Amino acid sequence: MISTLKLSDIISKWRDALQASQPIQNFCSSQYNKAPSIFVGINGKNPPTENDCPLIILYPGSKSEGLELQEYTYNLTVGWTILQAAATVTNNVTEFRGVAECDTLGQLIYQELAQLSPDNPISVVNYNIEPVAYFPRFPGRMDIIIKITSINGYNINF
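Residues numbered from 1 in each chain as written. Predicted model: local features only at pLDDT ≥ 70, side-chain atom pairs only at ≥ 80, totals over all residues. Heavy atoms only, no water.

This brings us to the packing of helix H2 (residues 22-32) against helix H3 (residues 97-114). Look at H2 against H3: their axes get within 9 Å of each other, and the N-to-C directions meet at 160°. Taken together, the axes of H2 and H3 are roughly antiparallel relative to one another. Crossing handedness for the pair H2 and H3: left-handed. Here Pro23, Ile24, Phe27, Cys28, Gln31 and Tyr32 of H2 lie close against H3, whose contacting residues are Arg97, Glu101, Thr104, Leu105, Leu108, Ile109 and Glu112. Partitioning the contact of H2 with H3 into residue classes produces eight nonpolar, two polar and three charged. (Axes fitted to C-alpha atoms, helices over the stretch in contact; angles between N-to-C directions. Helix = DSSP H or I, 4+ residues; strand = E, 2+ residues; numbered from the N terminus. Parallel < 35°, antiparallel > 145°, perpendicular 65-115°, else oblique. Left-handed = near helix turned anticlockwise from the far one by under 90°. Contact = heavy atoms within 4.5 Å. Nonpolar A, V, L, I, M, F, W, Y, C, P; charged D, E, K, R; others polar.)

Here it is as structure tokens:
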């Protein structure tokens, strides 16, 4: 029997955890007066709009499994976007609030996902915020890698 784990199972677990996360709900409610919109994939021809912000998008990604591998690798992506046009200017320094707010939401997402599966923790996170191209939208993205030691004949529990 080949051990395998569906990407959609990981994404479903993440979706449910993010939707139930009190810190994420509290942050979004206090900053934007609404809960985040959560998408599992998106329609590229009709993408989310500013009205959907704050938003979190889960992308299934890719995986490497097989009998010859000692370690299975799962690559998934989480994106998020907040809408914030406010800026403050102090002593010739302009600071856009969206940068910090986007980072705060990203950190809350990361912390929620990192504690979900202690037996198979997140191995690598490549984390990025784009504060320029989409103003007043501030998008962030995490490319997440989970590595699981394979044991032939056993189910992978995530």
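Note on placement: Ile156 falls in the segment after strand S7 (137-149). In sequence terms Ile156 and Thr4 are 152 residues apart; their C-alpha atoms lie 6.4 Å from each other.

By volume, the largest pocket amounts to about 380 Å³. Looking at the largest pocket, it is lined by 18 residues, and the ones nearest its centre are Ile57, Trp80, Thr81, Tyr134 and Pro139. The set of elements that each furnish at least two residues to the lining of the largest pocket consists of strand S2 (55-64), strand S3 (71-83) and S7. (1 Å grid on protein atoms, 1.4 Å probe; cavity = no way out; pocket = protein on both sides within 12 Å on 5 of 7 lines; lining within 4 Å. Points joined across faces, edges and corners; volume = space filled by probe spheres on them.)

Tracing the sequence through the fold places Thr73 in strand S3. Judged by its relative accessible area of 18%, Thr73 is buried. Aside from chain neighbours lying at most four places away, what touches Thr73 is Ser62, Lys63, Ser64, Ile145, Ile146 and Lys147. (Buried < 20%, exposed > 50% of the residue type's maximum accessible area, 1.4 Å probe, protein only.)

Bringing the environment of Leu76 into the picture now. You can see Leu76 is positioned in strand S3. Assessed through its relative accessible area of 1%, Leu76 is described here as buried. Along the backbone, Leu76 and Ile146 are 70 residues apart, and their C-alpha atoms lie at a distance of 8.3 Å. Not counting chain neighbours up to four residues away, the residues in contact with Leu76 comprise Leu7, Ile10, Ile11, Trp14, Tyr59, Pro60, Met142, Asp143, Ile144 and Ile146.

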